[in-house]
Amino acid sequence: MAKVNLGFENKLWEMADKLRGNIESSEYKHVILGLVFLKYISDSFEERYNEVKQVYPGMEEDRDAYESENVFFVPKEARWDYIKSQAKQPTIGQVIDNAMILIERENVPLKNVLPKNYARPALDKTRLGELVDLFSFNVGSKEARAKDVLGRVYEYFLKKFGSTEGEFYTPPSIVKLLVNMIEPYKGRVYDPCCGSGGMFVQSAKFVEEHQGRLGDISIYGQEYVATTWRLAKMNLAIRGLDANLGERDGDTFTNDQHKTLKVDYILANPPFNIKDWGQPHLLDDVRWKWGVPPKTNANYAWISHMISKLSPRGTAGFVLANGSLSTSRSEEYDIRKSILEEGLVDCIVAMPSQLFYDVAIPVSLWFVSKNKNGRKDKVLFIDARKMGYMETRKHRELKDEEIEQIYTTYHNWKNEENYEDVDGFCKSSTIEEIKLHDYVLTPGRYVGIEEEEDDGIPFEEKMDRLTSELSDLFEESKSLEEKIKENLRGIGYEL
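Conventions and cut-offs
- Residues numbered from 1 in each chain as written.
- Predicted model: local features only at pLDDT ≥ 70, side-chain atom pairs only at ≥ 80, totals over all residues.
- Heavy atoms only, no water.
- UniProt positions renumbered as here; feature names shortened; annotations may be inferred.
- Pairing = 2+ DSSP bridges.
- Helix = DSSP H or I, 4+ residues; strand = E, 2+ residues; numbered from the N terminus.
- Axes fitted to C-alpha atoms, helices over the stretch in contact; angles between N-to-C directions.
- Parallel < 35°, antiparallel > 145°, perpendicular 65-115°, else oblique.
- Left-handed = near helix turned anticlockwise from the far one by under 90°.
- Contact = heavy atoms within 4.5 Å.
- Nonpolar A, V, L, I, M, F, W, Y, C, P; charged D, E, K, R; others polar.
- Expected span 1.5 Å × (residues − 1).
- Buried < 20%, exposed > 50% of the residue type's maximum accessible area, 1.4 Å probe, protein only.
- Arc of directions from axis to C-beta.
- Domains from an automatic or database assignment.
- Phe/Tyr/Trp six-rings, centres within 6.5 Å; stacked < 30°, edge-to-face > 60°.

- In the annotation of an unreviewed UniProt entry, the entry for the protein chain reads site-specific DNA-methyltransferase (adenine-specific), and the organism field reads Candidatus Xianfuyuplasma coldseepsis.
- In its Sequence similarities (unreviewed entry) section, the UniProt record describing the protein chain reads: "Belongs to the N(4)/N(6)-methyltransferase family."
- According to the UniProt record, the Catalytic activity (unreviewed entry) comment for the protein chain is "a 2'-deoxyadenosine in DNA + S-adenosyl-L-methionine = an N(6)-methyl-2'-deoxyadenosine in DNA + S-adenosyl-L-homocysteine + H(+)".

### A closer look at the sheet that holds strand β7 (residues 363-369)
- Read from one edge of the open sheet, 9 strands run β3-β2-β1-β4-β5-β7-β6-β8-β11, paired in mixed fashion. The sheet is open, and its two borders are formed by β3 (243-244) and β11 (426-430), each paired with just one other strand.
- As judged from the 5 bridges shared by strand β8 (residues 378-383) and β11, these two strands associate in the antiparallel manner. Bridge pairing in β11 places Lys 378 opposite Thr 430.

### Quick word on the packing of helix α9 (residues 172-182) against helix α15 (residues 400-415)
- Contact pair α9 / α15: the axes reach a minimum separation of 9 Å and the direction vectors enclose 25°. What the angle tells us is that α9 and α15 run roughly parallel. Judged by the twist between their axes, the crossing of α9 over α15 is right-handed. Contact with α9, carried on its side by Ser 173, Lys 176, Leu 177, Asn 180 and Met 181, involves Asp 400, Ile 403, Ile 406, Tyr 407, Tyr 410 and His 411 of α15 and no other residues of that element.
- Taken together, the residues that form the contact of α9 with α15 break down as 6 nonpolar, 3 polar and 2 charged.

### Focus: helix α14 (residues 330-341)
- Between its first and last C-alpha, α14 extends 16 Å over 12 residues, near the 16 Å set by a 1.5 Å rise per residue.
- Residues Glu 332, Tyr 333, Ile 335, Arg 336, Ile 339 and Leu 340 constitute the buried set of α14. Viewed along the axis of α14, the buried residues span an arc of 165°, placing them on a single side of the element.
- On its buried face, α14 sits against α12 (299-308), α13 (323-326), β6 (345-350), β7, β8 and α16 (431-436).
- Gly 343 occupies a position one or two residues after α14 and carries a positive phi of about 75°.

### Digging into the pairing of β6
- Summarising burial for β6: 6 of the 6 residues are buried, a large majority.
- The sheet contact formed by β6 and β7 spans 5 bridges and is antiparallel. Note on β7: the bridge partner recorded for Ile 348 is Trp 366.

### Quick word on helix α18 (residues 459-490)
- Here α18 contains 32 residues, and its C-alpha end-to-end distance of 46 Å stays within 8% of the 46 Å for a straight helix at 1.5 Å per residue.
- In the segment just after α18, Gly 492 is the residue with positive phi, at about 90°.

### Here's the deal with the domain arrangement of the protein chain
- As assigned here, the protein chain comprises domain 1 (8-161), domain 2 (172-445) and domain 3 (458-494).
- Measuring from the centre of the C-alpha atoms in domain 1 to the corresponding centre in domain 2 gives 34 Å.

### A look at the packing of aromatic side chains
- Evaluation of the coordinates by the stated rule reveals 16 aromatic pairs.
- With 5.5 Å between their ring centres and 85° between their planes, Phe 45 and Phe 73 make a pair best called edge-to-face. Taken together, the residues Phe 45 in helix α2 (residues 25-55) and Phe 73 in the loop between α3 (64-67) and α4 (80-85) connect sequence positions 28 residues apart.
- With relative accessibility at 2%, the residue Phe 45 sits in the buried group.
- Residue classification places Phe 73 among the buried residues on the basis of a relative accessible area of 7%.
- An aromatic cluster of three or more residues is present, and its members are Phe 45, Tyr 49, Tyr 66 and Phe 73.

Structure below.
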């Protein structure tokens, strides 16, 4: 998997650092990403402006010259050179808000989407001006667009500052795997908790990489957090992706903005283990066909909601915390048992730990389908926990060939071509077999243990080496313990 290597990460970090102490770190991304968007469309406009000036002199301010190239028209007082000229003024917040208003007025798809709160008293205007000055790199030129610089800047900030309670930025390797598993070539794609729209962006890339047409997929989504909803609208708008994300932000459970929607594909990374999700107000909801989910955990509410949105040929791929595979809480157990016996669960993939940035929570991928021709009584289990490599001390990445191995195994199993069970990696199990495990879906229970090759070293020799290594570790442990005690004594603490 390619690293997010922009070459100006230090500059981005410096920008975030400008805001330190002035506002909460969770607010950094909203301030900076609004400016990133402004810079993007201004860079894109400027490049087109120079082309028009050269080829059609005198037409530089003609909107049609921009719309024909899918470039947003930017009024003079919203262009970056004007904003930068005002960076040292105490009115810089108002200048930026005004730029956002002017852009929305000129470009209907952006109406009520852009942030317009830079003039608020809580935002230090000297620091905001310094932030504008630091923004020297181009994010909107054709070259930058080809390298998806904007998407990677978004990714950088969402990765660094994107998490809220229970909600985590979805690593690109997981998104890529989900998309390649369900292959959204054509039809309706839905994400009930779409965040900044990352699943849709990756779906569009998948369609383009497979010589499809973007017009063949229709995008639907919903997002609860208002600022993130606007971020998704911006993220999709600049990529030319038309999407229905509802009239505004809204809670998917209590204010479903796509009540009658049936879709062919669902991709989602719902917030994990959310408590107090509104269950008491939804006891008679039609989505709970397999039972009412517990009021203190929303995991099975998400599962039921997503299945309720699938068309007769629909498939969903989503991320959930591992606990959902084996929970014995009666409401969750009953739902899991019911959807298994109805033949809806298609595949479960146990993922390696530490894939999420700064969060060590272990996760699995669920795939449920209403289109399991001839395999309703089977579930494919894949144990990918040993895959990946440590990109940093805390973060693991999957290699492209590992992602391919997982989705190829799934497709081979679905198509009944070149598939066979592999000890320690994959197993096609029947519902009867799963019933014997009390409907627990943890892949490790089914795939067995990988057969290890005999390394030819005699057992006694191995034990001598291992006991010697263990003895060395004990000695080192004693030494470290003494050092820790000594250091504690040095600051006045005695054990």
